[in-house]
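Residues per chain are reported as follows:
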Amino acid sequence: MTTLVAPDAVVPLANPYDAARRQFDRVADRLGLDRATRELLRAPLREFRFQIPVTMDDGTKRVFTGMRVQHNDARGPSKGGIRLSASGSADEVRALAMWMTWKCAIADLPLGGGKGWIDCDPRALSLTEQERVCRGWVRQLARNVGADSDVPAPDVMSSPQHMAWMLDEFETIHGRHTPGFITGKPLPLGGSAGRVEATGRGVITVLHAVLEAMNVSAGSRLTASVQGFGNVAKYACRRFVERGGLVRAVSSWHSGDECAYTYERPEGVDLDELERLTDAFGAIDKGGAARLGYNVLPGNAWIEQPVDVLIPAALEGQLTAESVRGLDGRVRFIAEGANGPTTPEADEALAARGVTVIPDVLANAGGVTCSYFEQVQSNTGSWWSREKVLTLLDASLSRAVDEVTRTAARDGVTLREAANLTGVARVAEACRLRGWV
Ligand code: NAD
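As the structure is a computational prediction, the values presented were derived from the model and not from experiment. (Residues numbered from 1 in each chain as written. Predicted model: local features only at pLDDT ≥ 70, side-chain atom pairs only at ≥ 80, totals over all residues. Heavy atoms only, no water.)

## A short note on the overall build of the protein
Rules: Under the DSSP-based scheme used, a helix requires at least four consecutive residues in state H or I and a strand at least two consecutive residues in state E, with every element numbered from the N terminus. Think of it in three bands: with a 1.4 Å probe and only protein chains considered, a residue is buried below 20% of the maximum accessible area for its type, exposed above 50%, and partly exposed in between. Residues are treated as being in contact if the distance between any of their heavy atoms lies within 4.5 Å. As used throughout, the charge tally considers Lys and Arg to be positive and Asp and Glu to be negative, leaving His and the chain termini uncounted. Just so you know, the charge point we use is NZ for Lys, CZ for Arg, CG for Asp and CD for Glu.
Scanning the protein from terminus to terminus reveals 14 helices and 12 strands. Reported as C-alpha extents along the three principal axes, the dimensions of the protein are approximately 60 × 60 × 40 Å. Split into buried and exposed, the 437 residues of the protein put 59% on the buried side. For the protein, long-range pairs separated by at least 24 residues make up 71% of all intrachain contacts whose partners lie at least 6 apart in sequence. Once the 50 positive and 54 negative side-chain charges of the protein are each reduced to a mean point, those two points are 3 Å apart.

Below, the structure is given as C-alpha cells:
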C-alpha cells in the first residue's frame, strides 16, 4: 500500500546552544569545576563572523554570512565541519563547536572543537557559485585556520568537492601545499580511505559495542528507523544491514524543497533503490519512492516505527519531549548519528521510559576520528589502506565505548552524562595544565 500525505511543516527547534550549556552545567556540577573553568568552557574561546561577497553567474552581487567558532583548543587544533545551511544560526554553530570539543576528548584525540557555517542554501546555487562561496569563506579566514590551529571538514550539505575548493584557495593564499588544513578531501587530494563512510559506520560500531557492554542480545534481527539519508545516515544504514539488521524506515527531505517524508516498508527498505532516488544533498524523490511501493508517511513518522533502534542522522533538536511521546514501546536504543538530535527534556523522558540514548559525542565520533587519521596522513605525507583505517577506527571507538559504559555503570548515570564527564574532565585538565584556569 502506498500512502501519500501532506508534508510536515518545518518546526522551529529549541536553541541547541541552550541545550549544550545545560548538558555542560550538569556535568560541571558533578565534576565540581571551579568558577573560572566553568566560565572558560561554557563559551567559545574565539568566534569569527564575516561577510562573503560573491559574484553570481548572472553578474549580480550577493553577500553571504560566514562563521567559524573555535570553542576550545587546549588539547590541540580546533576540529569541526562546515555546515552550508540557510536555516542555521550563530547559536547552532556555538553548540556544535562545544560538542566537538567534548567529542574529540572522549575519543582521546589531540584536538579541540570548532565548527563553521555559511548561511546559504547550496541547492539554490550553481556549482560555480558554490565554488565562489567556499573560496570566499576561506579568504576571510585564511590567517585564523590551518593544520596547526583549526582544521575544517564537511558537515550538513558540504561535500569533498567543497573541501577541495577550500583547500585550493587556502594553498593559493599561502603559496604552498598544506593538505592537513582540511579533512574529508577527495582521495586524489590527500583524502583518507574510509573517511566517507567513517561516521555512519562508526555509529553502528558504537551501537553494537554498547549492546555488548550492556549484555543485550541483538535478538533474531535488529530493526531500525532512520532520520536522514545523507552521508551519515546512508552509511549507517549500510553498516546496520551488513551486520544483520533490517532498516524499516528512512526519513529525508523531498528533492528540491524542505518538506520531509518518511519512506517505510515493513520488510525493509532497499538501500540501493533509495540511493538511486537520492540527490547530492540526501533528498529522496518522493514520487519515485511512491512508485516503488514505499509507504510515504509524514516526516516525523520515523520516530513512531515499531523498531529496536532509532537512528536520528539529520539535524539537531528532532527528538523533543513531545515527539518522543509517540515512540513505539519496542524502541530500546537511540543511536545519535546527528549532532544534538535529542533535547534535554526528551533525554529525561527517554531515561524514564528505559530507552538507552547513545549520545552523539560517542555515537558519531567515527567521523572526527577518521578525520584525525586523515590529518596524520596529510601532515606526514603518508597513505594508509582502507583496511588499516577501518581497523584503527573500530578499535578506537570500542575503547571509547568501554570507558564510557564503565563510567556510566560506576556512577549510575546515563551514557550522555558519562561521556560528557569524560570529555569535560579531560578538557578541564588540559586547560589547568596550560595555566589557563
Ligand atoms: P547531509 O547533508 O549529508 O545529510 C543530511 C540529511 O538530513 C539529508 O538526507 C536530508 O534529507 C536530511 N534531513 C534534513 N532535514 C530533515 C528533516 N527535517 N527530516 C528528515 N530528514 C531531514 O549531512 P550529514 O553529513 O549526513 O550530517 C547529518 C548529521 O550528522 C548532522 O547533524 C551532522 O552535524 C552530523 N555529523 C556529520 C558528520 C560527517 O562526517 N558528515 C560527522 C559527525 C556528525
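Next comes the rest of the write-up.
## Observations concerning the sheet that holds strand 2 (residues 61-72)
Selection rule: Strand pairing is assigned whenever DSSP detects at least two bridges linking the two strands. With axes taken as lines fitted to C-alpha atoms, and helix axes fitted only over the stretch in contact, angles between N-to-C directions fall between 0 and 180 degrees.
If you trace the 5 strands from one edge of the open sheet to the other, you get 1-2-4-3-5, paired in mixed fashion. Strands at the two margins of the open sheet, each flanked by one partner only, are strand 1 (46-55) and strand 5 (150-154). Across the sheet, the mean angle from the axis of one strand to that of its neighbour is 20 degrees, orientation sign disregarded. Bridge analysis of strand 3 (residues 78-84) against strand 4 (residues 112-118) gives 5 bridges, and the strand direction is parallel. Along strand 4, the bridge assignment pairs Arg83 with Trp117.

## Brief notes about the pairing of strand 8 (residues 260-264)
Counting buried positions along strand 8 gives 4 out of 5 residues, so the element sits mostly inside the fold. Summarising the sheet, strand 7 (residues 246-253) and strand 8 pair through 5 bridges and their orientation is antiparallel. What sits directly across from Trp253, in strand 8, is Ala260.

## Observations regarding the environment of Leu167
You can see Leu167 is positioned in helix 5 (residues 160-174). On the basis of relative accessibility, which here comes to 4%, the residue Leu167 falls in the buried class. With 15 residues separating them along the chain, Leu167 and Pro152 place their C-alpha atoms 9.9 Å apart. Sequence-distant contacts of Leu167, defined by excluding residues within four places in its chain, comprise Thr178, Pro179, Phe181, Ile182, Lys185 and Leu189.

## Considerations on the pattern of salt bridges
As a working rule, side chains carrying opposite charge can pair if their charged atoms are close by. Here is the rule we go by: Salt bridges are counted wherever a side-chain nitrogen of Lys or Arg sits within 4 Å of a carboxyl oxygen of Asp or Glu.
Summed over all chains, the structure comprises 39 salt bridges. Put simply, Glu39 and Arg35 hold a salt bridge, and the shortest N to O gap is 3.2 Å. In this pair, Glu39 and Arg35 are both assigned in helix 2 (residues 35-41), 4 residues apart and thus about one turn of the helix distant. For Arg35, a relative accessible area of 66% gives the class exposed. For Arg75, the salt bridge identified is with Asp108, shortest N-O distance 3.0 Å. Placement of Arg75 in the loop between strand 2 and strand 3 and of Asp108 in the loop between helix 3 (90-106) and strand 4 is noted, with a sequence separation of 33 residues between them. Salt bridges linked by common partners bring Arg83, Glu92, Lys115, Asp155 and Glu316 together as one network.

## Digging into the site of the ligand
Using the following cut-off: The cutoff for a nearby residue is simple: one of its non-hydrogen atoms must lie within 4 Å of the molecule or strand. Between N or O atoms, a polar contact is any pair within 3.5 Å; within protein, one atom must be a potential hydrogen donor and the other a potential acceptor, and residues adjacent in sequence are included only when both atoms are from side chains. All accessible-area figures derive from a Shrake-Rupley calculation using a 1.4 Å probe, and residue coverage is judged against the displayed protein chains alone. When residues are grouped by polarity, Ala, Val, Leu, Ile, Met, Phe, Trp, Tyr, Cys and Pro land in nonpolar, Asp, Glu, Lys and Arg in charged, and all others, Gly among them, in polar.
Near the ligand, the surroundings consist of 25 residues, among which Asp155, Thr199, Phe229, Gly282 and Asn339 are the closest. Note that an oxygen atom of the ligand is positioned 2.8 Å from one of the side-chain N or O atoms of Asp155. Isolated, the ligand exposes 820 Å² of accessible area, and the fraction of that covered by the protein chains is 92%. Elements supplying a minimum of two residues to the shell around the ligand: helix 6 (195-213), helix 7 (231-242) and strand 7. For the shell around the ligand, the residue count by class is 11 nonpolar, 11 polar and 3 charged.

## Considerations on the packing of aromatic side chains
Put simply, the rule is: Paired rings are identified among Phe, Tyr and Trp, the last through its six-membered ring, by centres lying within 6.5 Å, and are further divided according to the angle between planes into stacked (under 30 degrees), edge-to-face (over 60) and tilted (the rest).
Taken as a whole and assessed by the stated rule, the structure comprises 5 aromatic pairs. Pairing Phe24 with Trp102 gives two aromatic rings, centres 5.7 Å apart and planes at 10 degrees, and the pair type is stacked. You can see Phe24 sitting in helix 1 (residues 16-31) and its partner Trp102 sitting in helix 3, a full 78 residues away along the chain. Seen from their ring centres, Phe170 and Phe181 are 3.9 Å apart, and the 5 degrees between their planes marks the pair as stacked. Of this pair, Phe170 sits in helix 5 while Phe181 sits in the loop between helix 5 and helix 6; the two residues are 11 residues apart in sequence, bridging distant segments of the chain. Of the two residues, Phe170 and Phe181, neither departs from the other in class, the shared state being buried.

## A look at unusual backbone geometry
Of note, the phi angle at Asp108 is positive, near 60 degrees, even though the residue is not glycine. The exposure class assigned to Asp108 is partly exposed, which follows from its relative accessible area of 46%.

As far as function goes, none of this settles anything; it's purely spatial.
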